[in-house]
Structures are given as C-alpha cells and as structure tokens.
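# Examination of the molecular architecture
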Amino acid sequence: MTTPIPILRDQLSALFAPRAADAHKGSFGTLGVLGGGPGMTGAALLAARAALRLGAGKVLVGFAQDSAPLACDPLQPELMLRSGRDLLADAGPLGLTTWVAGCGLGTLDNAILLLGTLFQTRAQTPLVLDADGLNLLAHGALPPDWGPAPVVLTPHPAEAGRLLGCPAGHIQADRPAAAQALARRYRAWVVLKGAGTLVCPPAADTCWINTTGNPGLATAGTGDVLAGMLGSLIAQGVPLEQAVPGAVWLHGAAADALAAAGTGPIGLTAGELADVARALRNRG
C-alpha cells in the first residue's frame, strides 16, 4: 500500500509570492468555466466566483443552455457570462489560458456536444474536469484524448468508481491505489476528494494527502469551489506541482479558518470559502 506524503504549506511558496508592481489583468490568465446546465446555474457561478477571488485575471462562464440565464451575476458582476456554445466559439480570440468544465454541466445531448467540442478545440489549454464532465467520461460519451496540455480530474469516491469501473467501496478500501490507478489510466492529475483528499500526478509515482479541512466541507457546492480554485491557480501560471496540491490545501484551510471563527463546521456553505481562501493567500 502506498503511503501518501502530507501536503505542507511550506512547499507551496508559489501560491504566496508577491505580485509585481507592473502586473496587469493579462498577467494572471483568462479562465473559461463550462457548466451550469438547466437547474444548475449556481454550480458554474460558484466555480467562477472562486476563481476570480483566488486571483485569475479574467473569468468567463459558458452555460450549458441555449443562452446565458443571467445577463450579469449580481454578486460578482466582473464575471462575463454567455452560452457555452458562444464561449467555445470565441475561446481563441478571448485568449483563454485554462478551462474548468463539468460543474453542473448535466449529461444530456447538449452537454455531450459542448464537452466534445471543448475536447476537440482546447489544444494547448489546460483543463480541470469535474462533476458531470467526469460522469460523461466514465460512461464513454467522450474519448479521453487529451492532447499535450495537462488535465486535472477531481472525482469524489463514487465518480472515481465509475471511472475505474468498480464500486465506491473499492475506492475507499485503498484510496492511494485508486488515485494512482486513475492517474495512470487517464494520464492526468487526480484529486480524489474526501476526508484526506489525495493528489496524484500523471506519472502516478507519488501521492500526497491533504491534512486541512473538516466535515463542514460535506455540503453542496464545495467541489465546484475547489474546481474554480484549481483552474484559477493554473491560469495564473502557478506550476502544477504546487497549483494542484495548493488549491486542495487552501480549500481545506479556508474551511478550518471558518470553523475556528464559529462559521461551521455545521452550516458552513460553499460560497463562504472563497473569501477566506483569498485572505489566506494574501496573508502569505
């Protein structure tokens, strides 16, 4: 059995490095979020809001609907909203540097079409694949032909079981082995969520375990926030070996800070995490 290595804050220096005085929004990447199908608009917004608060220069949301359900996000008007079809069509001119896909995407034909188009056109652009994106991949709706750009998969145990064709109980019986098996099979970074979230690189030659976080994270939307945080750090150019474990560490550390302040663990909500994660990053 593989013994995971703890993720330590001291190993995440790139997350806390000061920004140059002459930086501009183009210095910190442009993230595209593809998700938010009918009835799940909030999932894409949670990911996008978290990405912006964690420091991405620009964030665009493409909803898996015929048109954007909102002209403007009233809580985060800096976000640029459009249909998924329009965002995919404009991705090149917009200069997207990273994608997050799957948050509330759905599994209907429109979702399959949008995600298939993304797979065909993302070329050199890194991708964080979450939630329904993982379910579509597991059910064979999409070939795992990633191309050269890195991919991060963020399954919970049930999604990991679907991806490996086994029950969730098998995943939980040996989580490090499952994370490494996923990394090898899909040639991707893997974030196996749960108590003691595991991070494994594509080479599957090591495995890290997160020691931050608490049961307050067991609530709807926290996975969407994590996906947005991952995409944000990657878009900003943080090296993957720090961006992937770093986002996981920050996500859990934000939950711990909220619980310590009395906002949780009971009743902690996903939308509260990003502000605290931002404060932790700025504190250095």
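Everything below is about the structure shown above.
Within every chain, residues take consecutive numbers counted from 1 along the sequence as written. This being a predicted model, a pLDDT of at least 70 is required before a residue's local features are given, and a value of 80 or more before pairs of side-chain atoms are given or counted; all residues contribute to the totals for chains, interfaces and linings. Only heavy atoms go into the side-chain values, all of them from the structure, while hydrogens and water stay out.

### So, the nonpolar core
Counting residues in hydrophobic clusters, the biggest one holds 57 residues, and the most contacted among them are Val33 and Val59. A helix here means a DSSP run of H or I that spans at least four residues, while a strand means a run of E at least two residues long, and both kinds are numbered starting from the N terminus. Those elements that provide at least two residues to this core are strand S2 (30-35), helix H1 (41-53), strand S3 (58-63), strand S8 (189-192), helix H8 (222-235), helix H9 (240-260) and helix H10 (273-283). Looking at which element gives the most residues to this core, the answer is H9, with 11 residues. Any two residues having at least one pair of non-hydrogen atoms within 4.5 Å are treated as being in contact. Ignoring sequence-local partners within four residues, the contact set of Val33 consists of Ala44, Ala47, Ala48, Val59, Leu60, Val61, Gly62, Leu87 and Val100. By size, the runner-up hydrophobic cluster in this structure holds 40 residues, among which are Leu60, Ala64, Leu164 and Cys207. Here, the term nonpolar core denotes a set of buried Ala, Val, Leu, Ile, Met, Phe, Trp, Tyr and Cys residues that are joined through side-chain atoms within 4.5 Å. We call a residue buried when its accessible area falls under 20% of the maximum for its residue type, exposed when it is over 50%, and partly exposed in between, using a 1.4 Å probe and counting protein chains only.

### Structural notes on the pairing of strand S5 (residues 98-101)
Residues in a regular strand point their side chains to alternate faces of the sheet. Residues Thr98 and Val100 of S5 are buried on one face, and the alternating residues Trp99 and Ala101, pointing to the opposite face, are buried as well. Only when DSSP finds a minimum of two bridges between them are two strands counted as paired. Taken together, the four bridges between S2 and S5 define a ladder with parallel strand orientation. Note that in S5 the partner of Gly32 across the bridge is Trp99. Here S5 pairs with strand S6 (residues 127-129) via three bridges, running parallel.

### Some details on unusual backbone geometry
Omega for the bond connecting Gly264 with Pro265 falls within 30 degrees of zero, at 10 degrees, which places this linkage in the cis form. For Pro265, the position within the fold is in the loop between H9 and H10. One non-glycine residue with positive phi stands out, namely Ala131, at about 50 degrees. In this fold, Ala131 is placed in the loop between S6 and helix H4 (132-138). Judged by relative accessible area, Ala131 falls into the buried class, the value being 16%. Notably, Ala204 is not glycine yet its phi reads approximately 55 degrees, a positive angle. Among the secondary structure elements, Ala204 is positioned in the loop between strand S9 (198-200) and strand S10 (208-209). By relative accessible area, Ala204 is classed as buried at 8%.

### Notes on the sheet that holds strand S7 (residues 151-153)
The pairing of strands in a sheet comes from backbone hydrogen bonds and takes either a parallel or an antiparallel form. If you walk across this open sheet you meet the 10 strands as S1-S10-S9-S8-S7-S6-S5-S2-S3-S4, and the pairing is mixed. If you trace the sheet from one side to the other, it starts and ends with strand S1 (5-6) and strand S4 (80-83), each paired once. To get an axis, fit a line to the C-alpha atoms, keeping to the stretch in contact for a helix; angles then go from 0 to 180 degrees between the N-to-C directions. Along the sheet, H1 makes contact with S2, S3 and S4, crossing S3 at roughly 170 degrees.

### A word on the packing of H8 against H9
Where H8 meets H9, the closest approach of the two axes is 9 Å, and the angle between their N-to-C directions is 145 degrees. Relative to H9, H8 is oriented so that their crossing is right-handed. Here Thr222, Val225, Leu226, Met229, Leu230, Leu233 and Ile234 of H8 lie close against H9, whose contacting residues are Leu240, Ala243, Val244, Gly246, Ala247, Val248, Leu250 and His251. Residues are sorted three ways: Asp, Glu, Lys and Arg are charged, Ala, Val, Leu, Ile, Met, Phe, Trp, Tyr, Cys and Pro are nonpolar, and all the rest, Gly among them, are polar. Classifying every residue of the contact of H8 with H9 gives 12 nonpolar, three polar and no charged. Helix crossings fall into two classes, left-handed where the near helix is turned counterclockwise from the far one by less than a right angle and right-handed where it is turned clockwise.

### A closer look at the side chain of Ser83
Mapped onto the elements of the fold, Ser83 is located in strand S4. The exposure class assigned to Ser83 is buried, which follows from its relative accessible area of 2%. Contact partners of Ser83, with chain neighbours within four places excluded, come to Gly62, Phe63, Gln65, Asp66, Ser67 and Ala68.

### Notes on the environment of Thr125
The topology assignment puts Thr125 in the loop between helix H3 (109-121) and S6. For Thr125 and Thr30, which are 95 residues apart along the polypeptide, the C-alpha to C-alpha distance reads 11 Å. In this structure, Thr125 is in contact with Leu96, Thr97, Thr98, Trp99 and Ala149, ignoring residues within four places of it in sequence.

### Digging into the pattern of salt bridges
Salt bridges, as used here, are contacts in which a Lys or Arg side-chain nitrogen is within 4 Å of a carboxyl oxygen on Asp or Glu. Across all of its chains, the model carries five salt bridges by this definition. Linking Arg49 and Asp73 is a salt bridge whose minimum nitrogen-to-oxygen distance equals 2.7 Å. Placement of the pair is Arg49 in helix H1 and Asp73 in the loop between S3 and S4, with a sequence separation of 24 residues. Pair check on accessibility: Arg49 and Asp73 agree, each one buried. The shortest N-O distance in the salt bridge between Lys193 and Asp130 comes to 3.3 Å.

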